[in-house]
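Observations on the model geometry
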Amino acid sequence: MEFPDRDVVASLLDAQSLPSFVRVDHDPSSTTLTEPTTHVRDALARLDLDSLAPGARVAVGVGSRGIHRIDEYAATVVAALTERGFDPVVVPAMGSHGGATAEGQRETLASLGVTETRVGAPIDARMDVERVDEVRVGETSYPVFVASAVLEADGVVVINRVKPHTNFSGRIESGLCKMLVAGLGKRRGASAFHATALTEGYVPALEAAFAAISSAVPLVGGIALVENADEETAHVEAVSGAEILDREPALLARAYEEMATLPVDDIDLLVVDELGKDVSGAGMDTNVIGRYRVLNAPDPDSPRVDLIYARGLTDRTEGNGNGIGLADLTRRAAVDQLDLQKTYANALTSGSLAKAKLPVVAPDDELALRIALSALGSPAPETVRVVWIHDTQELGELFVSSGVVDDLPDTATVTGEVALAFDDGTARFDPR
């Protein structure tokens, strides 16, 4: 696809003055566990493994999210299971991620540091699934699928972070339950879940499928992780299979309390350096940017962000640009990073097509900012409210325009003025 060149785009824009910026440290209070791997080992010991025979094969579900120290936690669980005389195997629990291929899912785990050598166990990345039940949710008949690698195991333990979901809100969002339903359902299970969720609601679809799965697989339980605003582990808890539906709401409430947020709620333009599946399932955390863009799920009430400019993709997302459609603007450099096969596999499985749409594509940063300011009505540089972040996880250091400074909370500290400059159209911040 050919996009208008720089001269053409520049000719369509009036001259504009850009705002001045300051660097800000944002440090809300948070809890961080010391020696979290010890907590993971202790949590696993609290699960009921005594019902498994010596030598039993235990499937350990590990997902594609950028969870803090996930390679260490997976290795800790594998080591503890091995010491107990079991035969652990890691099973990617990520639905269609990695292009919905076994090799792609192995690569996704490897990008998180989870390899056979690192964790000390084989990885069974087969995409094979079996249909274990068909449940009814509202008016929808809903087939439930589970990975063959899980059904062949004698026991199942999943490791996942409990956090606000990027598509919906409810008593159960992202966590152990969803990993079992969508993650270990591989592409077919994730697709069936999302199709039902879009018409009948996410929580009813999760609850119905979970009931079918817990009856079909030898579910021991899960290691639930809650992270703080600094993306570090704040809480580790063992949850038995029978308690997952009852316990996750309280863990989710804690995750909301610990969640990283932008320092202000009223933003004209949010600039995001990188999006990716390692940052969020939606590329950008929708609870941070205030946009779900999902059928039958209203957007969050706050923050209010008028325009979003996404500058590029993370290396770890390996071209999966799911979430770029949440932005209003991007640049050619980001489009060049896209792997449309991976992006479309993710979008078609989730049913959330809006996240894979291509925004307006600017030649470079300088013109992207001019386009955004023009679309905002060319506000005065001293009043326009611009927030510039690296990604929606890393919110400890950011840049804000002068129009935001007076509204910063006590948890945010201005650490210096910076000058916005451009090298061949690419933005950089220089200290003043």
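Our subject in this report is the structure included herewith. Just so it is clear, the structure is predicted and the values come from calculations on it, not from any experiment. (Residues numbered from 1 in each chain as written. Predicted model: local features only at pLDDT ≥ 70, side-chain atom pairs only at ≥ 80, totals over all residues. Heavy atoms only, no water.)

The biggest cluster of nonpolar side chains holds 53 residues, and the ones touching the most others in it are Y142, V150, V156, V181, L184, F193 and I244. In terms of residues, this core owes the most to one element, helix α9 (residues 202-216), which gives nine residues. Residues contacting F193, with those up to four places away along its chain left out, are Y142, K178, V181, A182, Y202, A205 and L206. Membership of the second largest hydrophobic core comes to 37 residues, among which are L47, I70, A80 and L109. (Core = buried A, V, L, I, M, F, W, Y, C linked by side-chain atoms within 4.5 Å. Buried < 20%, exposed > 50% of the residue type's maximum accessible area, 1.4 Å probe, protein only. Helix = DSSP H or I, 4+ residues; strand = E, 2+ residues; numbered from the N terminus. Contact = heavy atoms within 4.5 Å.)

When you line up the elements, I244 lands in helix α10 (residues 244-258). By relative accessible area, I244 is classed as buried at 0%. Separated by 96 residues in sequence, I244 and S148 place their C-alpha atoms 22 Å apart.

In this section: the pairing of strand β1 (residues 21-26). With six bridges connecting them, β1 and strand β15 (residues 412-423) associate as antiparallel partners. What sits directly across from V22, in β15, is E417. Bridging between β1 and strand β14 (residues 397-401) involves five bridges; their strand directions are antiparallel. Across the sheet, the residue bridging to V24 is L398, located in β14. (Pairing = 2+ DSSP bridges.)

In terms of burial, helix α7 (residues 176-183) is a largely internal element, eight of the eight residues being buried. Those residues of α7 that fall on the buried side of the exposure criterion are L176, C177, K178, M179, L180, V181, A182 and G183.

Take the sheet that holds strand β2 (residues 57-62) next. Across the sheet, which stays open at both edges, the five strands sit in the order β3-β2-β6-β7-β8 with mixed pairing between neighbours. Sheet topology places β3 (87-92) and β8 (233-240) at the edges, where each strand pairs with a single neighbour. Direction aside, neighbouring strands of the sheet carry axes that sit 20 degrees apart on average. As defined by bridge partners, β2 adjoins β3 across six bridges and the pair is classed as parallel. Its bridge partner lying in β3, V60 is registered against V90. Contacting β2, β3, β6 (155-161), β7 (219-227) and β8, helix α3 (residues 70-83) runs over the sheet at an angle of about 170 degrees to β2. Docked against the sheet, α10 engages β7 and β8, running at close to 175 degrees with respect to β8. (Axes fitted to C-alpha atoms, helices over the stretch in contact; angles between N-to-C directions.)

With that settled, the discussion passes to a nonpolar patch on the surface. A surface patch of nonpolar side chains, amounting to about 430 Å² of accessible area, comprises L340, Y344, L348 and L353. Structurally, L353 is set in the loop between α13 (340-350) and β12 (360-362). (Patch = residues over 30% accessible without salt bridge, like charges linked within 9 Å, V, L, I, M, F, W, Y side chains within 5 Å. Areas by Shrake-Rupley, 256 points an atom, 1.4 Å probe, with all protein chains shown as cover. Salt bridge = Lys/Arg side-chain N within 4 Å of Asp/Glu carboxyl O.)

For the rest of this paragraph, the subject is the sheet that holds strand β9 (residues 266-272). The strand order across the open sheet built from nine strands is β12-β11-β10-β9-β13-β14-β1-β15-β16, with neighbouring strands paired in mixed fashion. Two strands in the sheet have a free side with no partner beyond their single neighbour: β12 and β16 (426-431). Neighbour-to-neighbour, the strand axes of this sheet turn through a mean angle of 30 degrees, independent of strand direction. Looking at chain direction, β15 and β16 are connected through six bridges and run antiparallel. Across the sheet, D423 pairs through a bridge with T426, a residue of β16. Against the sheet, helix α14 (residues 365-375) engages β9, β10 (304-310), β11 (329-331), β12, β13 (386-389), β15 and β16, with an angle of about 155 degrees to β10.

This paragraph deals with the packing of aromatic side chains. Scanning the model with the defined rule gives six aromatic pairs in all. Look at F168 and Y202: their rings are 4.3 Å apart centre to centre, the planes differ by 10 degrees, and that puts the pair in the stacked class. Placement of F168 in the loop between β6 and α7 and of Y202 in helix α9 is noted, with a sequence separation of 34 residues between them. For Y202, a relative accessible area of 6% puts it in the buried group. On the numbers, 6.0 Å between centres and 70 degrees between planes, the contact of F193 with Y202 is edge-to-face. Note on accessibility: F193 and Y202 belong to one class, buried. A network of ring pairs unites the aromatic residues F21, W388, F399 and F429 as a single cluster. (Phe/Tyr/Trp six-rings, centres within 6.5 Å; stacked < 30°, edge-to-face > 60°.)

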